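Structural description and commentary
In case you want the letters, here they are:
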Amino acid sequence: MLKPRSTPTRELVNLDGVWRFAIDSRVGDRPWTALLDTPLEAAVPASYNDLFVDAEIRDHVGWVYYQRSVRVPRGWANERILLRFDAATHAAKVYVNDDLVGEHIGGYTPFDIDLTDTISAGEEFRLTVAVSGDLTNETIPPGKIEVGMDGRKKQVYFHDFYNYAGLARSVWLHSEPLSRVTDVTVVTGFEGATGSVDYRVETDGTGEVAVRLSDAAGVVVAQGSGPRGTLEVADVTLWKPGAAYLYELTVELHDAGSVVDSYPVAVGVRTVEVRGHEFLINGQPFYFTGFGKHEDTAVRGKGHDNAFLVHDFQLLEWAGANSFRTSHYPYAEEVLDFADRHGIVVIDETAAVGLNMGVVGGMSGTPPFPTFSEQYAGAATQAAHAQHIRELITRDKNHPSVVMWCIANEPASNEEGALEYFTPLVELARELDPTRPLTYALVMFATFQNDKIVDLFDVVSMNRYYGWYITPGDLTTAEQYLQGDIQGWVDRTGKPIIMSEYGADTQPGVHSVWDQPWTEEYQASFLEMYHRVFDRFPQFVGEQVWNFADFATSNGIHRVEGNKKGVFTRDRKPKAAAWALRKRWRGLEGRKPGSDGE
Ligand code: GCB
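Calculation criteria
- The residue numbers shown here count from 1 along each chain, following its written sequence.
- Local features in a predicted model are, by the rule used here, given only for residues with pLDDT of at least 70; side-chain atom pairs are given and counted only at 80 or more, and totals for whole chains, interfaces and linings are based on all residues.
- No hydrogens and no water enter the side-chain calculation; it runs on all heavy atoms of the structure.
- Strands here are runs of E lasting at least two residues and helices are runs of H or I lasting at least four, both read from the DSSP assignment and numbered beginning at the N terminus.
- Between the two quantities, the radius of gyration covers C-alpha atoms and the globule rule is 2.2 Å times the number of residues to the power 0.38.
- A 1.4 Å probe rolled over the protein chains alone gives each residue an accessible area, and that area as a share of the maximum for its type sets the label: buried under 20%, exposed over 50%, partly exposed in between.
- Contact between two residues is taken to exist if any of their heavy atoms lie within 4.5 Å; hydrogens are not considered.
- Ring geometry is summarised as follows: Phe, Tyr and Trp rings, the Trp one being its six-membered ring, pair when their centres sit within 6.5 Å, and such pairs are stacked at plane angles under 30 degrees, edge-to-face over 60 and tilted between the two.
- When the NZ atom of lysine or the CZ atom of arginine is within 6 Å of a ring's centre and also within 35 degrees of its normal, the charge is said to sit over that ring.
- A strand pair is defined by DSSP finding two or more bridges across the two strands.
- One heavy atom within 4 Å of a molecule or strand is enough for the residue carrying it to be called near that molecule or strand.
- Definition of a polar contact: a pair of N or O atoms within 3.5 Å, with one able to donate and the other able to accept a hydrogen when the atoms are protein atoms, and with sequence-neighbouring residues admitted only if both atoms are side-chain atoms.
- Accessible surface area values rest on a Shrake-Rupley calculation with a 1.4 Å probe, where residue burial reflects the displayed protein chains alone.
- Axes here mean lines fitted to C-alpha atoms, for a helix over just the part in contact, with angles spanning 0 to 180 degrees between N-to-C directions.
- The split of the chain into domains comes from an automatic or database domain assignment.
- Helices are assigned an expected span. That span is 1.5 Å times one less than the residue count.
- Think of it as the arc spanned by the lines of direction from the helix axis to the C-beta atoms.
- Each crossing gets its handedness from the near helix: less than a right angle anticlockwise from the far helix is left-handed, clockwise is right-handed.
- We call Asp, Glu, Lys and Arg charged. Ala, Val, Leu, Ile, Met, Phe, Trp, Tyr, Cys and Pro are nonpolar, and the rest, Gly among them, are polar.
- Any carboxyl oxygen of Asp or Glu that lies within 4 Å of a side-chain nitrogen of Lys or Arg is treated as forming a salt bridge with it.

1. Quick look at the overall build of the protein chain
Scanning the protein chain from terminus to terminus reveals eight helices and 30 strands. Here the protein chain has a C-alpha radius of gyration of 24 Å; the compact-globule value for 598 residues is 25 Å, and the two agree. Once the C-alpha set of the protein chain is aligned to its principal axes, its extents read approximately 70 × 70 × 45 Å. Residues classed as buried in the protein chain amount to 58% of the 598 residues present.

Now the structure itself:
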């Protein structure tokens, strides 16, 4: 599914703004059939939870309604008319006037609803969107709804970040021509100084496909025709981490001598490959530095915000980070477009977080019942996971910044049933994208002795908290554990290894001369100890600290005003560790610390 763009043949109207808003318990049946009877209005894009000073809304279980009126531009009489949601978290039902026109499940991937036969150019209509933030064993991420003693429903989930819900990304009305380009896939390569762009175009209706590739100055460097082919690029400028370069592939549909559709795709020519224990970008060993992030800011929750987008990337650059992981769900497409333009490398993760009953067992890691069973992650969960992988890869396959798919965070890969659950999902991901390596982020309880699925994947990504959840305050013992753990994975797999999470909660302004958890010094010494260990292993290809910034978490006693493992505070002020990382990372340009890149 192509992102809506303004092109010579396509138009779009942005529907962001302030919409009428109500939770289901405060409106009657079928509230979409009239003007929503509510005093509230909600910002779009934004999660709704923190907008209002109302606990019943914040932790609402069930549907909420957003409503506004929309006018179709009068020039769209002979166009296909579509409504696009960049995301509705986690499920949506869309109504035009009195009628249901579409539904979608999955909170972090976009969907289009074709309104061509429902509304006409120039017409105004009432748009109501019911959105549900509920998580069950049929959703990704999974969760459980419990009913309390007072009869109130309560959402339970198995990840720590707050379950923000609502319309957190943009909404668009857009037009496409009746005969149109429906999908474009590009795969790039190079041989010496000559680049190659394999393209595949899917269309609907009549017409012949023509493509042309322009360089960053707008000069056409290659042309082709037909729905698939390979373009050669002489004297290619590669897309490199820290040195992005984008060509533009203009895909046109020609019919009876005129251009009936035109769609541009940004193309970065680069290759990605795992060879032995190395992760290669453009044939060169690459060392990831950076963070696991969250889409999380005050008041907006997970609402996409371009100011934070720009500022976060500035801070990545300031810290010398060359990459991040979209923990624990696909981020807004604007984020990936930005990464493409600025040369930041992305590990693109699905929303499959919390497939692990072991976390409920606390430090023992003993699940109350098997994770991969019909009681929890069964066939319905697996089907939702497969659908989510399809939607993620379809959306993000052309981004040069995306170098690897992470198909789950901390699944119970040590439990029976993990292999059966993951094998078809890995096969699906490889079929959808044979070019990018695959990984999953390994939970602490999944050890090199008991993990059942690592052979399916290309890169070992470890989430480890020695010195925090295990041996807190004792970095000497933590160092020994960490050393043995990494050695075990090296011996078992021979694959490249990255630390995809390591970090310590830190309250800014708290200091000590001792190894005292929560102090700024402890966070810095904790990271320094990890780095010392990483640098002993040539198989180690990257480090992504948990987390870029402090973030909101679910209600409970385990966190003090959220997760404080941020190297930056929630409002993006540096803790001492940020300066230490900057010192280590700046100037590395993707090389392993201490190596000369050979
Ligand atoms: C993890 C999870 C991450 C948590 C983190 C923590 O292993 O992957 O979502 O936020 O630990 O801080 O506990």
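Now, onward.
2. So, the environment of Val186
On the secondary structure map, Val186 appears in strand β13 (residues 180-191). Spatially, the C-alpha atoms of Val186 and Val269 are 9.7 Å apart, while their sequence positions differ by 83 residues. Dropping the residues within four chain positions of it, Val186 is found in contact with Val197, Asp198, Tyr199, Leu249, Val267 and Asn398.

3. Notes on the packing of aromatic side chains
What the rule picks out here adds up to 37 aromatic pairs. Between the aromatic rings of Tyr108 and Tyr329, the centroid separation amounts to 4.5 Å while the plane-to-plane angle is 15°, which identifies the pairing as stacked. In this pair, Tyr108 sits in the loop between β7 (99-105) and β8 (111-114) while Tyr329 sits in the loop between β24 (323-325) and α3 (333-342), placing the two residues 221 residues apart along the sequence. For the pair Tyr108 and Tyr329, a shared accessibility class is recorded, and that class is buried. Taken together, Tyr108, Phe161, Phe313, Phe324, Tyr329, Tyr331 and Phe338 form an aromatic cluster joined through their ring pairs. Lying across the ring of Tyr162, Arg58 places its NZ or CZ 4.3 Å from the centre. Over the ring of Phe324 we find Lys293; its NZ or CZ atom is 6.0 Å from the centre of that ring.

4. Some thoughts on the pairing of β7
Sheet topology places strand β6 (residues 91-96) next to β7; six bridges connect them, and they run antiparallel. Counterpart to Ala91 in the pairing with β7 is Ile105. Between β6 and β7, which follow one another and run antiparallel, lie two residues, and Asn97 among them has a positive phi close to 50°.

5. Some details on the site of the ligand
The immediate surroundings of the ligand are formed by 13 residues, with His328, Glu410, Tyr469, Glu501 and Lys565 found nearest. Glu410 is positioned with one of its side-chain polar atoms (N or O) 2.4 Å from an oxygen atom of the ligand. Within the side chain of Tyr465, an N or O atom sits 3.4 Å from an oxygen atom of the ligand. Contact with the protein chains removes 90% of the 320 Å² of surface that the ligand exposes when unbound.

6. Quick look at the sheet that holds strand β2 (residues 17-23)
Within the open sheet, the six strands sit side by side as β3-β2-β4-β9-β6-β7. Their pairing is antiparallel. At either end of the open sheet lies a strand with only one pairing partner, and these are β3 (41-44) and β7. Looking at each pair of strands side by side, their axes are set apart by 30° on average, direction ignored.

7. Let's talk about the domain arrangement of the protein chain
You can read the domains of the protein chain as domain 1 (11-176) and domain 2 (180-267). The centre of domain 1, based on its C-alpha atoms, is set 35 Å off from the matching centre of domain 2.

8. Points about the pairing of strand β30 (residues 540-546)
Taken across its seven residues, β30 has seven buried, putting it largely inside the fold. Alignment of strand β29 (residues 497-501) against β30, held across three bridges, turns out to be parallel. For Met499, the partnering residue across the bridge sits in β30 and is Glu543.

9. Some details on the sheet that holds strand β17 (residues 228-233)
Strand order in the open sheet formed by three strands is β13-β14-β17, with antiparallel pairing between adjacent strands. Bordering the open sheet on either side are β13 and β17, each of which pairs with just one other strand. Along the sheet, successive strands turn relative to each other by an average axial angle of 20°, direction set aside. By the bridge criterion, 11 bridges tie β13 to strand β14 (residues 194-204) in an arrangement that is antiparallel. Counted as the bridge partner of Asp183 is Glu202 from β14.

10. With respect to unusual backbone geometry
A cis amide bond, omega 5°, links Thr89 with the succeeding residue His90. Mapped onto the fold, His90 is located in the loop between β5 (79-85) and β6. Here Ser327 and His328 are connected by a cis peptide whose omega angle stands at -10°. Take His328: it is sitting in the loop between β24 and α3. Its identity is not glycine, yet Asn282 carries a phi of approximately 55°, on the positive side. Note that Asn282 resides in the loop between β21 (278-281) and β22 (284-285).

11. Side note on helix α5 (residues 418-432)
Three- or four-residue spacings in an α-helix give side chains the same orientation, since the helix completes a turn every 3.6 residues. Look at α5: 21 Å from first C-alpha to last across 15 residues, which is about the 21 Å you get at 1.5 Å a residue. Listed in full, the buried residues belonging to α5 are Ala418, Tyr421, Phe422, Leu425, Val426, Leu428 and Ala429. Buried residues of α5, seen end-on, are gathered within an arc of 160° and therefore sit on one face of the element. Facing away from the buried surface of α5 by more than 90 degrees, the exposed residues are Glu420, Glu427 and Glu431. Next to the buried residues of α5 lie α4 (379-396), β26 (402-409) and β27 (438-442).

12. Here's the deal with the packing of helix α2 (residues 306-319) against α3
Between α2 and α3, the shortest axis-to-axis distance is 11 Å and the interhelical angle comes to 35°. Remark: the crossing between α2 and α3 carries right-handed chirality. For the pair formed by α2 and α3, the contact residues are Asn306, Leu309, Val310 and Phe313 on the first element and Glu334, Val335, Phe338 and Ala339 on the second. Residues of the contact of α2 with α3, tallied by class, amount to six nonpolar, one polar and one charged.

13. Details of α4
The terminal C-alpha atoms of α4, which comprises 18 residues, lie 26 Å apart, in line with the 26 Å expected from a rise of 1.5 Å per residue. Turning to α4, the residues buried within the fold contact β7, α3, β25 (345-349), β26 and α5.

14. Section: the pattern of salt bridges
Counted by the stated rule, this structure contains 39 salt bridges. A salt bridge links Arg26 to Asp54; its shortest N-O distance comes to 3.0 Å. In this pair, Arg26 is assigned in the loop between β2 and β3 and Asp54 in the loop between β3 and α1 (55-58), connecting sequence segments 28 residues apart. Across the pair Asp505 and Lys565 runs a salt bridge whose closest N-O atoms are separated by 2.6 Å. Taken together, the positions of Asp505 in the loop between β29 and α7 (520-534) and Lys565 in the loop between β30 and α8 (576-585) put the pair 60 residues apart, joining distant regions of the chain. Take Asp505 and Lys565: they sit in the same class, and that class is buried. Members of the salt-bridge network, linked through shared partners, are Arg10, Arg80, Asp114, Glu176, Arg180, Asp204 and Asp261.

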